[in-house]
Amino acid sequence: MKQVIKTPLITEKNTYHNAAGVYVFEVDMKSTKTEVKTAVEKNFKVKVDSVRTSVCRGHSKNTKFGATKVPYWKKAYVKLVEGEKIALFEGV
């Protein structure tokens, strides 16, 4: 069984989304919106209203050892039902 949610993305921009009830996670590239929805509801015991996903492009990165490639990755914007919160993101 694959792990759908890899890590929560906590950035300054994403904290503004948190005030509106939208939380951002890095997810597995092959996961679907319904898999993300069930994983968030199961792990955090909240009710999900909608899920939006986007694939972020990889890019080349120069290091002192030569050029390396940063792989593509996927993130999911999870909007919760009015009044629901995820405690992991509170106080950040």
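Our subject is the structure listed above.
My aim in this report is to walk through the structure given alongside it, one point at a time. (Residues numbered from 1 in each chain as written. Predicted model: local features only at pLDDT ≥ 70, side-chain atom pairs only at ≥ 80, totals over all residues. Heavy atoms only, no water.)

**Overview of the overall build of the chain**
Working step 1: The helix and strand tally for the chain stands at two helices and six strands.
Working step 2: Sequence-ordered secondary structure for the chain, helices as α and strands as β, is β-α-β-α-β-β-β-β.
Working step 3: Reported as C-alpha extents along the three principal axes, the dimensions of the chain are approximately 50 × 30 × 20 Å.
Working step 4: The buried share of the chain, reckoned over its 92 residues, is 33%.
Working step 5: Residue pairs in contact within the chain that sit at least 24 positions apart in sequence constitute 61% of those at least 6 positions apart.
Working step 6: Within the chain, one finds 18 positive and 9 negative side-chain charges whose respective centroids are separated by 9 Å. (Helix = DSSP H or I, 4+ residues; strand = E, 2+ residues; numbered from the N terminus. Buried < 20%, exposed > 50% of the residue type's maximum accessible area, 1.4 Å probe, protein only. Contact = heavy atoms within 4.5 Å. Lys, Arg positive; Asp, Glu negative; His and termini not counted. Charge placed at Lys NZ, Arg CZ, Asp CG, Glu CD.)

**Some words on the sheet that holds strand 3 (residues 48-56)**
The pairing of strands in a sheet happens through backbone hydrogen bonds and is either parallel or antiparallel.
Working step 1: Taken in spatial order, the four strands line up as 1-2-6-3 in an open sheet, and their pairing is antiparallel. Looking at the sheet topology across the chains shown, the edges are occupied by strand 1 (5-8) and strand 3. When the angles between neighbouring strand axes are averaged without regard to direction, this sheet yields 30 degrees.
Working step 2: Inspection of the sheet shows strand 1 paired to strand 2 (residues 22-27) by three bridges, in the antiparallel sense. Bridged to Ile 5 within strand 2 is Val 27.
Working step 3: Together, strand 1, strand 2, strand 3 and strand 6 (73-80) form the strand contacts of helix 2 (residues 33-44), whose direction differs from that of strand 3 by roughly 125 degrees. (Pairing = 2+ DSSP bridges. Axes fitted to C-alpha atoms, helices over the stretch in contact; angles between N-to-C directions.)

**Things to note about the side chain of Lys 74**
Working step 1: For Lys 74, the position within the fold is in strand 6.
Working step 2: An unpaired buried charge is present at Lys 74: no salt bridge exists, and Glu 35, the closest side chain of opposite charge, is 7.6 Å distant.
Working step 3: Of the polar contacts made by the side chain of Lys 74, one reaches the backbone oxygen of Ser 31; its length is 2.8 Å.
Working step 4: Here Lys 74 is in contact with Phe 25, Glu 26, Val 27, Asp 28, Met 29, Ser 31, Thr 53, Ser 54 and Val 55, once residues within four sequence places are set aside. (Salt bridge = Lys/Arg side-chain N within 4 Å of Asp/Glu carboxyl O. Polar contact = N/O pair within 3.5 Å; in protein donor to acceptor, adjacent residues only side chain to side chain.)

**Some points on the side chain of Asn 14**
Working step 1: Locating Asn 14 in the fold gives a position in helix 1 (residues 12-19).
Working step 2: Polar contacts involving the side chain of Asn 14 include one to the side chain of Thr 11, which spans 3.2 Å.
Working step 3: Apart from the residues within four sequence positions on either side, Asn 14 is in contact with Leu 9 and Val 24.

**Here we look at the packing of aromatic side chains**
Working step 1: Per the counting criterion, the structure on display carries one aromatic pair.
Working step 2: Directly above the ring of Tyr 77 sits Arg 52, whose terminal nitrogen or CZ lies 5.0 Å from the centroid. (Phe/Tyr/Trp six-rings, centres within 6.5 Å; stacked < 30°, edge-to-face > 60°. Lys NZ or Arg CZ within 6 Å of the ring centre and 35° of its normal.)

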